[in-house]
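# Observations on chain architecture
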Amino acid sequence: MATDSFGRRIDYLRISVTDRCNLRCVYCMPPEGVEWKPQADILTFEEIERFAASAVHEGISKIRLTGGEPLVRKGIVDHIRRLREMTGIEAIALTTNATLLPRMAGELAAAGLTRVNISLDTLDPDVYASVTRGGKLADALAGLEAAFEAGFDPIKINVVVVRRLDQDLLGFAKMTFDRPIHVRFIEYMPVGGDDAGGSGCTSEAGGWTVEDTVPTDEILQRLMTEGAAAGLGTLEAVSVDGAPGGWGPARYYRFPGAAGTIGVISPLSHHFCAECNRLRLTADGRLRTCLFSDDELDATAVLREGSDEDVRALIRHALAIKPENHDMRIGTLRRMSQIGG
Ligand code: SAM
Ligand code: SF4
């Protein structure tokens, strides 16, 4: 079992397999996209698998693949199969915009993928097109259906809540009634802007700022009021046992009789650093100990020049220097697509 210097159990590794994406969400990338890293700087699947094996040796048992959009990377299905076959890995999860799931969900499930988080911020086709800069809502919804057909469990929908978008939160909540869909509302994080490191930073997302972050207490209050007015009953807290098995800091709720749940994730309003259980590996091989910290360790150099023991030593070093909290620092030099969320 791996613990860091603050006694936190670290068993979860998020791996970004690419910095590329087929969408350009305004809060994640600038309109022209970020400058893609040269192919030679991106870790090969073989290097990622070697890193994962070392991480498992140091106590990691859960892996989430993210990006950029992980499904745009050629060979991802076989990569998942090989990770799944690695002894010591309990489960592989995927965070995706779902647009490629209609053609890939079946083979992903056959490769051993079980858990999917689908990012979907609005159910309005026009707003979806504008937030993703050209994406089609129908593609993402078809991806959600494909996820059900493939039998993934749990299926979660991540909704980044942005004040100026004024999203129909109740519309998402209603999706939890008939099927075991777990909708998680996430506070918008103004990261990756020019003012990296400053709490007033913008993400160049059409001028979105920290003012656009809607605290999860307000989200819950809205759901309760609107839910009661719509006759959906009272939103009730769900015990850990009743929540969809999660690896992260979501708190779960449910409307009476609903098949799925509603989760809230509060990176800004309620720091969950004390429960942090993760490390992050970027597509260009930088090991990050905290989403909000730009102190990165160069895993590429160690993977390309060092022994397996050197890779393990790097991971132990990351655990030793993992900060206790992010100290209200919410700016990062990298864009979200370059970290993996
Ligand atoms: N392309 C995949 C997707 O969209 O699910 C995986 C990568 S994306 C960077 C991972 C997650 O980060 C998504 O759920 C996305 O909504 C979230 N994200 C990106 N930028 C964000 C921001 N500024 N604040 C909060 N969440 C953000
Ligand atoms: Fe792409 Fe995901 Fe970022 Fe949207 S949030 S631009 S889908 S990486």
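Everything below is about the structure printed above this text.
Residues numbered from 1 in each chain as written. Chains lettered and ligands numbered in written order. Predicted model: local features only at pLDDT ≥ 70, side-chain atom pairs only at ≥ 80, totals over all residues. Heavy atoms only, no water.

## Digging into the packing of aromatic side chains
For any pair of aromatic rings, the description rests on two quantities: the centre-to-centre distance and the angle between the ring planes. For clarity, the threshold we go by: Note on aromatic contacts: the rings of Phe and Tyr and the six-membered ring of Trp form a pair at centre separations within 6.5 Å, being stacked when their planes are under 30 degrees apart, edge-to-face when over 60 apart, and tilted otherwise. Strands here are runs of E lasting at least two residues and helices are runs of H or I lasting at least four, both read from the DSSP assignment and numbered beginning at the N terminus. Per-residue accessibility, obtained with a 1.4 Å probe over protein chains only, is compared with the maximum for each type, and a residue is labelled buried under 20%, exposed over 50%, and partly exposed between these values. For a ring to carry a charge above it, either NZ of a lysine or CZ of an arginine must fall within 6 Å of the ring centroid while also lying within 35 degrees of the normal to the ring plane.
Applying the stated criterion across every chain yields a total of two aromatic pairs. Ring geometry for F172 against F185: centres 6.3 Å apart, planes inclined by 85°, an arrangement best described as edge-to-face. Of this pair, F172 sits in helix α6 (residues 169-174) while F185 is found in strand β6 (residues 181-187), placing the two residues 13 residues apart along the sequence. For F172, a relative accessible area of 1% puts it in the buried group. For F185, a relative accessible area of 0% translates into the label buried. When the ring of F177 is compared with that of F255, the centres are 6.0 Å apart and the planes differ by 25°; the resulting orientation is stacked. Of this pair, F177 sits in the loop between α6 and β6 while F255 sits in the loop between β8 (251-254) and β9 (261-265), placing them 78 residues apart in sequence. Between the NZ or CZ atom of R73 and the centre of the ring of F45, over which it lies, the distance is 4.0 Å.

## Regarding the pairing of strand β3 (residues 91-96)
Two faces make up the sheet, and in a regular strand the side chains alternate between them. Our working definition: Whether two strands pair comes down to DSSP finding at least two bridges between them. By convention a crossover is right-handed if, when the strands point away from the viewer, the path from the first strand over the helix to the second runs clockwise.
With six of its six residues buried, β3 lies for the most part within the structure. Every second residue of β3 is oriented toward a common face, with A91, A93 and T95 on one face and I92, L94 and T96 on the other, all of them buried. Of the pairings in the sheet, the one linking strand β2 (residues 62-66) to β3 comprises four bridges and is parallel in character. Among the inter-strand pairings, I63 is bridged to a residue of β3, identified as I92. Note that the unit made of β2, helix α2 (residues 76-84) and β3 has a crossover that is right-handed. With helix α3 (residues 101-110) bridging β3 and the parallel strand β4 (residues 115-119), this β-α-β connection has right-handed handedness.

## With respect to the sheet that holds strand β5 (residues 155-161)
Heads up, the rule is: Pairs of residues are marked as contacts when any of their non-hydrogen atoms sit within 4.5 Å. Fitted lines through C-alpha atoms serve as axes, helices being fitted only where they are in contact, and the angles separating the N-to-C directions of these axes extend from 0 to 180 degrees.
The mixed open sheet is built from 12 strands, whose spatial order is β7-β8-β9-β6-β5-β4-β3-β2-β1-β10-β11-β12. The sheet terminates laterally at β7 (236-237) and β12 (296-298), the two strands that pair on one side only. In terms of strand pairing, β8 meets β9 through three bridges, oriented antiparallel. Bridge pairing links Y252 to G263 in β9. Packed on one face of the sheet, helix α1 (residues 45-57) meets β1 (12-16), β2, β10 (278-281) and β11 (286-288) and runs near 170° to β1.

## Observations concerning the packing of α1 against helix α9 (residues 308-321)
To keep things clear, this is the line we draw: Any angle that is under 35 degrees is reported as roughly parallel, and any over 145 degrees as roughly antiparallel; angles of 65 to 115 degrees are reported as roughly perpendicular and all others as oblique. Less than a right angle of anticlockwise turn of the near helix away from the far helix marks a crossing as left-handed, whereas a clockwise turn marks it as right-handed. Lys, Arg, Asp and Glu make up the charged group, whereas Ala, Val, Leu, Ile, Met, Phe, Trp, Tyr, Cys and Pro make up the nonpolar group; the residues left over, Gly among them, are polar.
Running from amino to carboxyl end, α1 crosses α9 at an angle of 60°, the nearest separation of the two axes being 9 Å. Compared by their axis directions, α1 and α9 come out oblique. You can see that α1 and α9 cross each other, and the crossing is right-handed. For the pair α1 and α9, contact is made by R50, F51, S54, A55 and H57 and by D308, V311, R312 and I315, respectively. A per-class count over the contact of α1 with α9 returns four nonpolar, two polar and three charged.

## Some details on the site of ligand 2
Put simply, the rule reads: To be near a molecule or strand, a residue needs just one of its heavy atoms within 4 Å of it.
Lining the immediate surroundings of ligand 2 are C21, L23, R24, C25, C28, G68 and N97. Of the residues contributing to the shell around ligand 2, the split by class is four nonpolar, two polar and one charged.

## Focus: α1
Under the convention used in this document: Take the number of residues in a helix, subtract one, and multiply by 1.5 Å to get its expected span.
Relative to the 18 Å expected for 13 residues at 1.5 Å per residue, α1 spans 18 Å between its end C-alpha atoms, a close match to the ideal helical length. Taken together, the buried positions of α1 are occupied by F45, E47, I48, E49, F51, A52, S54, A55 and V56. Two residues or fewer past α1, G59 is found with a positive phi of approximately 115°.

## Topic: the site of ligand 1
Using the following cut-off: Residues adjacent in sequence count toward polar contacts only when both atoms are side-chain atoms; beyond that, a polar contact is any pair of N or O atoms within 3.5 Å, and within protein one must be able to donate a hydrogen and the other to accept it. For the accessible areas, the method is Shrake-Rupley and the probe is 1.4 Å, while residue cover comes only from the protein chains on display.
Around ligand 1, a shell composed of 18 residues is seen, among which Y27, G68, S119, M189 and M336 lie nearest. The contact in question runs from a nitrogen atom of ligand 1 to an N or O atom on the backbone of G68, over 3.0 Å. Within the backbone of M189, an N or O atom sits 2.7 Å from a nitrogen atom of ligand 1. Alone, ligand 1 offers 550 Å² of accessible surface; in the complex the protein occludes 94% of this. By residue class, the composition of the shell around ligand 1 is six nonpolar, 10 polar and two charged.

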